[in-house]
Amino acid sequence: MMILITGGSGSGKSEFAENKAFTLSKEHLNYIATMVAFDEEAKKKIARHRQMRKDKNFHTIECYTSLNQLSFSKQDTVLLDCMSNLVANEMYQEDGAHENTVKHIMEGVRYIHKQVNNLVIVTNEVFSDGIVYDDETTRYIQYLGAVNESLARMADEVIEVVYTIPVYHKGRRE
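Residues numbered from 1 in each chain as written. Predicted model: local features only at pLDDT ≥ 70, side-chain atom pairs only at ≥ 80, totals over all residues. Heavy atoms only, no water.

A. Just the packing of helix 1 (residues 13-24) against helix 2 (residues 40-53), in detail. In the contact formed by helix 1 and helix 2, the axes pass within 10 Å of each other and the chain directions differ by 30°. The orientation of helix 1 relative to helix 2 falls into the category roughly parallel. When the axes of helix 1 and helix 2 are compared, the crossing they make is right-handed. Contacts from Ser 14, Glu 15 and Glu 18 in helix 1 reach His 49, Met 52 and Arg 53 in helix 2. Here the residues of the contact of helix 1 with helix 2 are counted per class, giving one nonpolar, two polar and three charged. (Axes fitted to C-alpha atoms, helices over the stretch in contact; angles between N-to-C directions. Helix = DSSP H or I, 4+ residues; strand = E, 2+ residues; numbered from the N terminus. Parallel < 35°, antiparallel > 145°, perpendicular 65-115°, else oblique. Left-handed = near helix turned anticlockwise from the far one by under 90°. Contact = heavy atoms within 4.5 Å. Nonpolar A, V, L, I, M, F, W, Y, C, P; charged D, E, K, R; others polar.)

Right under this line is the structure:
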């Protein structure tokens, strides 16, 4: 099963995703963390996320680029958090995919999805603010949009978290 969870910043999507993954499997839980701790704000967010999942038995794997380098077992449930960080990492990190970001990420997601029972992916809703951005930010938004569209097509469930409330756009409703 593949589940895509989206929402705005601070919507509660990561906590919802952790709980969703935990309901799918109490064992063999893997958390792919994609945020680079580049400043104090990022370090605080990482610490908060670690605290949220500390009692849920997740094995954390820090992976900033190249999802296709990871290996899992069929019984594993994987939570990938967050696609917006991964897109930025692939675009701008030295070892990233740069102009091949979308293709590289989707190959990595397909690779992981084939390996595991359950894949839960968190992404961000950054498309509705109506602001006109510079060319580089626009390119980032286009890449993230292309990834999100591909993920939504692949996913069994697509859930948007709005103020901690799940809104199902595709798949079963609980």
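B. Representation of the packing of aromatic side chains within the structure. In total, this model carries one aromatic pair according to the counting rule given. Look at Tyr 31 and Phe 58: their rings are 5.9 Å apart centre to centre, the planes differ by 80°, and that puts the pair in the edge-to-face class. In this pair, Tyr 31 is assigned in strand 2 (residues 29-33) and Phe 58 in strand 3 (residues 58-62), connecting sequence segments 27 residues apart. Taking relative accessible area as the criterion, Tyr 31 reaches 3% and is therefore assigned buried. Here Lys 26 stacks its cationic end above the ring of Phe 22, 4.7 Å away from the centre of that ring. (Phe/Tyr/Trp six-rings, centres within 6.5 Å; stacked < 30°, edge-to-face > 60°. Buried < 20%, exposed > 50% of the residue type's maximum accessible area, 1.4 Å probe, protein only. Lys NZ or Arg CZ within 6 Å of the ring centre and 35° of its normal.)

C. Inspection of the pairing of strand 4 (residues 77-81) at higher detail. Burial runs high along strand 4: five of the five residues are buried. Burial of the side chains of strand 4 extends over both faces: Thr 77, Leu 79 and Asp 81 are buried on one face and Val 78 and Leu 80 on the other. Bridging between strand 2 and strand 4 involves five bridges; their strand directions are parallel. Bridging across to strand 4, Asn 30 finds its partner in Val 78. Bridge count between strand 4 and strand 5 (residues 118-122): five bridges; the pairing is parallel. Its bridge partner being in strand 5, Thr 77 is matched across the sheet by Asn 118. (Pairing = 2+ DSSP bridges.)

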